[in-house]
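# Remarks on the overall topology
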Amino acid sequence: MRSPGVDVLTRNNVTITGTGRPVVFAHGFGCSQDMWRLVAPHFAADHQIILFDHVGSGGSDLSAYRPGKYDSLDGYADDLVEIVERLDLTDAVFVGHSVGSIIGLLAANQVPQRFSQIVLVNPSPRYVDTEGYTGGFSQADIDALLDSLDSNYFGWSRTIAPVIMGAPEQPALSEELTDSFCSTDPSIARHFARVTFLSDNRRDLDEVSVRTLVIQSEDDVIAPLPVGQYVAEHIADSALVVLPVSGHCAHLSAPDLVVDEIRAFLA
Amino acid sequence: MSDSRAHGEPQHPTPRIARTDGGRTDGDIGDGDRAEVEKSGGETEATFARLFDQAPFGYLITDNDDVIVRANTTFATSIGTAVGDLVGRRFRDLLPPGSQLLYETRHLPVLRLNGSVGEVFLEVLNTSGSTLPVLANAATDGVEVRIGVLPAVERVGYEQQLLLTQRTAESLAARVTVLQDASSAFAAAISESAIAVSLVSILEETLTASDACVALVDANGHLDVVAGTNPIDGLIRDDRELLGANVVEFEKPVVVNTADGESSAYPWVVEALRAARLQTIAVFPIMHNAKPVGVVAAFFRRGRVLEESETEVVLALARQAGQVLTRLRVQEQLAFAALHDQLTGLANRASIRHSLTVALPAALRMSRALSVMFLDLDGFKAVNDKLGHHVGDAILQQVAGRLHASVRAGDLVARYGGDEFVVVCAETAGEEVAIVAARIHEQIRAGFTEAEGFPISASIGIAVYTGQTELSTDTIIGTADAAMYESKRLGRDRTTLVEL
């Protein structure tokens, strides 16, 4: 599927520091590998730290974005598998946040022999409520999110406005976008949001064979406690840790606690 | 200028300035002044409190856990509540779910990593049940978070109008572009499979599908995948129960989701999708002139609900493709007609002459023999005259079949005109071709049920080219024709062979 000559390490803006047992960190929706800034450095002394951006986010190669491929989390997981194989990692630890955690377990289901431990931070296999399952959101909520994404990117939309009225196209916006923090291309962000919040990967939990730690915030409206419990219940060899923190980004609001839990799990 | 110097400057009391600066210089002033300073400081405090509370925008302070520790009245009033009811609650709990998603996945991460975040569009719940669109700025020092909230009802209303217009324009433009691109891709296509390949790539792009394929109804009425990938077994097999066949039969699009599970009308498709790690398949009929000519299928790796506009575009695409496919089939028929005899389906005069202009130089180059047999029916004119043309036509059709059956697979048989036929046998000379001729005599002599009592036979002339010197098509056909007349002259129903 991958076009020849494309280096996956460039494509996914892979950065590697330290030496030792490899730990791969995957970010979630809305930002980039920067999300791990408060956690990853704590492992650099005795681990090889591998950080990357999903295609379409952060410093990834935006030209590699193909909507058909990235219309499901499998497309992102395929990229992760390519990174892991390109670096020929074995006995690797995967640490993912939110949708990044689901992408990681899909990759681990493809190449389980490469991973020996998985850490899922604030994971949710499905956000939308359905019969017999509470994800926390309705389809209308997701639509509202997509609308507010549009409104937030209106600044950029405005520069595109002349195009609608028939004026010649504006210079490429991508440079301007990559300059700002946690920046992302608006149309890709919209598609990624759609894929993130409308995917259903509950069935994939049953196939996880790698030892897994689920780190759950005590109070997380995006991935509430019952969702974390659901994830832990459906992964055969797993443990659930509930941190006394609030919010969906435990690795940002309580990085030390997250570091401690990962360390304990790896020990 | 001179006025202000005369009255203003000398009267400016310096101590008063010191006091209003915040009363930090107590050491320099007496007790009486201290009371004044405190009063003034209290006033300042009150001023700031008022500035905070009555600011023309919402202002909140939260702790690191997003819990509101202070909020101003402007904000509380804007969402129909009191300040006292806000303190102790989490700011994100004031947001509807859609905004919570954005707040947690984008606003807070950027704030924590960057120290500030600006102009985030959020909606805040009003106690009346409605939502208030706001623009939020936030900054943090690591201990507390200060949030400024500016209601943006009008701006948002205006922007949403624009956004709506933009989306409509974009989707219309996208639709027009898709159909135009398709139209030029189809126009350039010279074969069915080229059209199918274009349709597959256009569809993958338009629907952001992970795979797509096109299957066309073949001569036997079966669906045959001609382009793209068909990752599932449940789509097409020689089975009327299968999805593709049903789409053709009912001429309506069908979407199957794995989430439908057992309740799906196509449980075997659900299974096949799961096995292929797919979650949705959408199959559309390719129609032309109200008749299905095939199907186009799109595959998705996550559960998808197709919007009506998407379905419309695909159906329009499929209709375009159907038209072009039909045009191509007509062209193929015309091309066939130009080279074939309509009555017998054999090659026609133009076609066999063209074949000879290619075969003769080839035979010369390779020094290989080639025989041309010219055949004219004996007794056919009487059948035509006495029994009518329809009987004559039926006999010509049967002669064509018998000729075909008498020659080898690689030999060419043509109807040259009227009751004349030409057979070209490559790499054949002398005795071999005489054997073929004998077989033909026997076949024709066997008689025709439609023309009982009318003896029909064949007079044959054969020109054998040995491949030694250059020879024209006219010469070899003329020689065979002359040899055929020699057979007629010698009493018909026989073969005359001439070597060249």
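Residues numbered from 1 in each chain as written. Chains lettered and ligands numbered in written order. Predicted model: local features only at pLDDT ≥ 70, side-chain atom pairs only at ≥ 80, totals over all residues.

## Concerning the overall build of chain A
- The helix and strand tally for chain A stands at 11 helices and 7 strands.
- Per-residue burial for chain A yields a buried fraction of 51% across its 267 residues.
- In chain A, 73% of the contacts between residues at least 6 apart in sequence involve partners at least 24 apart. (Helix = DSSP H or I, 4+ residues; strand = E, 2+ residues; numbered from the N terminus. Buried ≥ 20, exposed ≤ 12 C-beta atoms within 10 Å, placed from the backbone. Contact = placed C-beta atoms within 7 Å.)

## Section: the domain arrangement of chain B
- According to the domain assignment, chain B consists of domain 1 (2–53), domain 2 (58–151), domain 3 (166–330) and domain 4 (349–499).
- With centres defined by C-alpha atoms, the gap from domain 2 of chain B to domain 3 of chain B works out at 47 Å. (Domains from an automatic or database assignment.)

## Re unusual backbone geometry
All names here are of chain A.
- If you check the backbone angles, Asp-88 has positive phi at about 50° while not being a glycine.
- Structurally, Asp-88 is set in the loop between helix 2 (73–86) and strand 4 (92–97).
- Positioned with a positive phi, Asn-122 is a non-glycine residue whose angle comes to about 50°.
- If you trace the backbone, Asn-122 turns up in the loop between strand 5 (115–121) and helix 4 (139–152).

## Section: the packing of helix 7 (residues 153–188) of chain B against helix 11 (residues 308–339) of chain B
Residue and element names in this part refer to chain B.
- The interhelical angle for the contact between helix 7 and helix 11, taken along N-to-C directions, is 15°, at an axis separation of 10 Å. As summarised for this structure, helix 7 and helix 11 are arranged roughly parallel, according to the angle between their axes. Considering the relative orientation of helix 7 and helix 11, their crossing is right-handed. Residues Ser-171, Arg-175, Val-178, Leu-179, Ala-182, Ser-183 and Phe-186 of helix 7 lie in contact with helix 11, whose contacting residues are Ser-309, Val-313, Ala-316, Leu-317, Gln-320, Ala-321 and Val-324. (Axes fitted to C-alpha atoms, helices over the stretch in contact; angles between N-to-C directions. Parallel < 35°, antiparallel > 145°, perpendicular 65-115°, else oblique. Left-handed = near helix turned anticlockwise from the far one by under 90°.)

## Considerations on the interface of chain A and chain B
- Chain A puts 39 residues into the contact, and the matching count from chain B is 39 residues.
- Looking at the side of chain A that touches chain B, the elements with two or more residues in it are helix 4, helix 5 (154–164) and helix 7 (186–198) of chain A.
- If you tally residues by element for the side of chain A that touches chain B, the top one is helix 4 of chain A, at 9 residues.
- In terms of residue class, the side of chain A that touches chain B is made up of 18 nonpolar, 12 polar and 9 charged. (Nonpolar A, V, L, I, M, F, W, Y, C, P; charged D, E, K, R; others polar.)

## Things to note about the pairing of strand 2 (residues 21–26) of chain A
Residues and elements named next belong to chain A.
- By the criterion of burial, strand 2 is predominantly enclosed, with 5 of the 6 residues buried.
- Relative to strand 3 (residues 47–52), strand 2 runs parallel, the two being bridged by 6 bridges. Note on strand 3: the bridge partner recorded for Val-23 is Ile-49.
- Here 4 bridges tie strand 2 to strand 4, and the two strands are oriented parallel to one another. Residue pairing across strands places Val-24 opposite Phe-94, the latter belonging to strand 4. (Pairing = 2+ DSSP bridges.)

## Let's talk about the nonpolar core
- In terms of nonpolar packing, the biggest core is built from 104 residues, with Ile-103, Val-119 and Ile-215 of chain A touching the most fellow members.
- Sort the elements by how many residues they give to this core and helix 3 (residues 99–110) of chain A lands first, with 7 residues.
- Among residues more than four places away in sequence, those in contact with Ile-103 of chain A are Ala-26, Leu-73, Tyr-76, Ala-77, Leu-80 and Gly-96 of chain A.
- With 51 residues, the next largest nonpolar core counts Phe-186, Tyr-266, Leu-278 and Val-324 of chain B among its residues. (Core = buried A, V, L, I, M, F, W, Y, C linked by C-beta atoms within 7 Å.)

## Structural notes on the pairing of strand 14 (residues 457–465) of chain B
Residues and elements named next belong to chain B.
- Taken across its 9 residues, strand 14 has 8 buried, putting it largely inside the fold.
- Bridging between strand 11 (residues 370–378) and strand 14 involves 9 bridges; their strand directions are antiparallel. Each residue of the ladder has a partner; that of Met-373, found in strand 14, is Ile-462.
- As for the winding sense of the linkage, the β-α-β connection from strand 14 through helix 16 (residues 473–489) to strand 15 (residues 495–499) is left-handed. (Right-handed = clockwise from strand over helix to strand, strands pointing away.)

## Some remarks on the environment of Ala-458 of chain B
Residue and element names in this part refer to chain B.
- Looking at where Ala-458 falls in the secondary structure, it is placed in strand 14.
- Between the alpha carbons of Ala-458 and Ser-367 there is a distance of 31 Å; along the sequence they are 91 residues apart.
- Setting aside chain neighbours within four positions, we find Ala-458 in contact with Leu-375, Leu-377, Asp-378, Ile-440, His-441, Ile-444 and Asp-493.

## A short note on the sheet that holds strand 2 (residues 68–71) of chain B
All names here are of chain B.
- The 5 strands lie next to each other as 2-1-5-4-3, forming an open sheet whose pairing is antiparallel. Edge strands, defined here as strands with exactly one partner in the open sheet, are strand 2 and strand 3 (116–125). Taken over all neighbouring pairs, the strand axes of this sheet differ in orientation by 25° on average, direction set aside.
- Pairing analysis gives 7 bridges linking strand 4 (residues 131–140) to strand 5 (residues 144–151), with the strands arranged antiparallel. Pairing of Leu-135 across the sheet is with Leu-150, part of strand 5.

## Regarding the confidence of the model for chain A
- Averaged over chain A, the pLDDT score is 86; the fraction of residues at 70 or greater is 86%.
- Note that pLDDT drops below 50 for residues 155–180 of chain A; the model gives that stretch 20 contacts with residues more than four away or on any other chain. (pLDDT = per-residue confidence, 0-100.)

## Details of helix 16 of chain B
Residue and element names in this part refer to chain B.
- Between the first and last C-alpha of helix 16 there are 24 Å, a value that for 17 residues agrees with the 24 Å anticipated at 1.5 Å per step.
- Looking at helix 16, one finds that the buried residues are Ile-476, Ile-477, Thr-479, Ala-480, Ala-483, Met-484 and Ser-487. Along the axis of helix 16, the buried residues cluster in a sector spanning 155°; they form a single face. Opposite the buried face of helix 16, at more than 90 degrees from it, the exposed residues are Asp-474 and Arg-489.
- The inward-facing, buried residues of helix 16 contact helix 12 (349–366), strand 11, strand 14 and strand 15. (Expected span 1.5 Å × (residues − 1). Arc of directions from axis to C-beta.)

## Section: the environment of Val-283 of chain B
Residue and element names in this part refer to chain B.
- Note on placement: Val-283 falls in strand 9 (residues 280–288).
- Through-space distance from the C-alpha of Val-283 to that of Val-200 is 12 Å; in sequence the pair is 83 residues apart.
- Those residues in contact with Val-283 that lie beyond four places of it in its chain are Leu-243, Gly-244, Val-247, Pro-253, Val-254, Val-295 and Ala-297.

## A word on the confidence of the model for chain B
- When pLDDT is averaged along chain B, the result is 85, and 91% of the positions lie at 70 or above.
- Taken together, the stretch residues 1–30 of chain B has pLDDT below 50 and engages in 11 contacts with residues farther than four places along the chain or on a different chain.

## Some thoughts on helix 9 (residues 225–234) of chain A
Residue and element names in this part refer to chain A.
- Along helix 9, the residues classified as buried are Val-227, Gly-228, Tyr-230 and Val-231. Each buried residue of helix 9 sits inside an arc of 155° when the element is viewed along its axis, so together they form one side.
- Close packing links the buried residues of helix 9 with strand 5, helix 8 (202–205), strand 6 (211–219) and strand 7 (238–246).

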